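Coordinate inspection notes
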Amino acid sequence: MNKKTDTNSAASTALSCSSERSLRNPCYCEENVWRLAYRKVHEQDINNHHNDGNNNNNNEEYHVVFISNEEKCCPMFQQLAAENEAKPCFWDYHVIFICTMNNNKEGKMMPTVVLDMDSRAPFPCLLQDYLLSSFRK
């Protein structure tokens with residue numbers, strides 16, 4: 001089947017979802033992040049095409065971050081998969097999406113944000129807030 005006409009493909013649903021947060025499928029963090037990255041890159045391409053390449057989104061950098069450890073047991077707080085908000089969820093790995101805007105119109109550095117569809121944290125969440133709320137001692 002041709003992916004351009006397949007309305008159920010990951011690419012099609014990434015672009016047609018009503019919001020970035022609604023891209024979430026529980027327990028599929030890597031697929032969720034792939035769809036989010038695809039959506040961000042395609043939106044950037046579409047905006048550049050319509051604005052003759054003069055789009056502020058050109059300053060955005062995207063990073064996919066794979067979180068794991070040697071034990072394959074990463075305790076993370078604020079995760080929707082945890083039944084109790086005060087308790088961590090133990091992932092063998094987790095994947096998040098990070099966005100950094102190099103500067104705004106005034107030339108000021110903008111904060112780096114995390115987009116984690118599996119988190120109770122704000123969406124997007126400032127990187128330092130995400131780290132403090134997700135990884136506790």
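Check the entry above for the structure.
As a starting point, this report considers the structure included with it. (Residues numbered from 1 in each chain as written. Predicted model: local features only at pLDDT ≥ 70, side-chain atom pairs only at ≥ 80, totals over all residues. Heavy atoms only, no water.)

**Looking at the sheet that holds strand E1 (residues 60-67)**
Rule in force here: Any two strands between which DSSP finds at least two bridges are classified as paired. Helix numbering and strand numbering both begin at the N terminus, where a helix is a DSSP run of H or I of at least 4 residues and a strand a DSSP run of E of at least 2.
Spatial ordering of the open sheet is given by E1-E4-E5-E6, a layout of four strands whose pairing is antiparallel. Taken across any chain shown, the strands that pair with only one partner, and hence form the sheet edges, are E1 and strand E6 (125-126). Both strand E5 (residues 112-115) and E6 contribute to a ladder of two bridges, which runs antiparallel. By the bridge assignment, Val113 is partnered in E6 with Leu126.

**Describing the packing of aromatic side chains**
How we decide: Between rings of Phe, Tyr and Trp, where Trp is taken as its six-membered ring, a pair exists when centres lie within 6.5 Å; planes separated by under 30 degrees are stacked, by over 60 edge-to-face, and by other angles tilted. Definition used: whenever NZ (Lys) or CZ (Arg) falls within 6 Å of the ring centre and also within 35 degrees of the ring normal, the charge is taken to sit over that ring.
Considering all chains together, one arrives at three aromatic pairs under this definition. Pairing Phe66 with Tyr93 gives two aromatic rings, centres 5.1 Å apart and planes at 10°, and the pair type is stacked. Here Tyr93 lies in the loop between strand E3 (89-91) and strand E4 (94-101) and Phe66 lies in strand E1, a separation of 27 residues in the sequence. The ring of Phe77 has Arg136 lying over it, and the distance from NZ or CZ to the ring centre is 4.2 Å.

**A closer look at the pattern of salt bridges**
Test applied: Within this document, salt bridges are pairs made up of a side-chain nitrogen of Lys or Arg and a carboxyl oxygen of Asp or Glu, the two lying within 4 Å of each other. The buried label applies to any residue whose accessible area, calculated with a 1.4 Å probe on protein chains only, is under 20% of its type's maximum; exposed applies above 50%, and partly exposed to all values in between.
Taken as a whole, this structure holds four salt bridges when the rule is applied. The residue Glu43 makes a salt bridge to Arg39 at a minimum N-O spacing of 3.5 Å. Of this pair, Glu43 and Arg39 are both found in helix H2 (residues 29-50), four residues apart, which corresponds to roughly one turn of the helix. We classify Glu43 as partly exposed; its relative accessible area is 30%.

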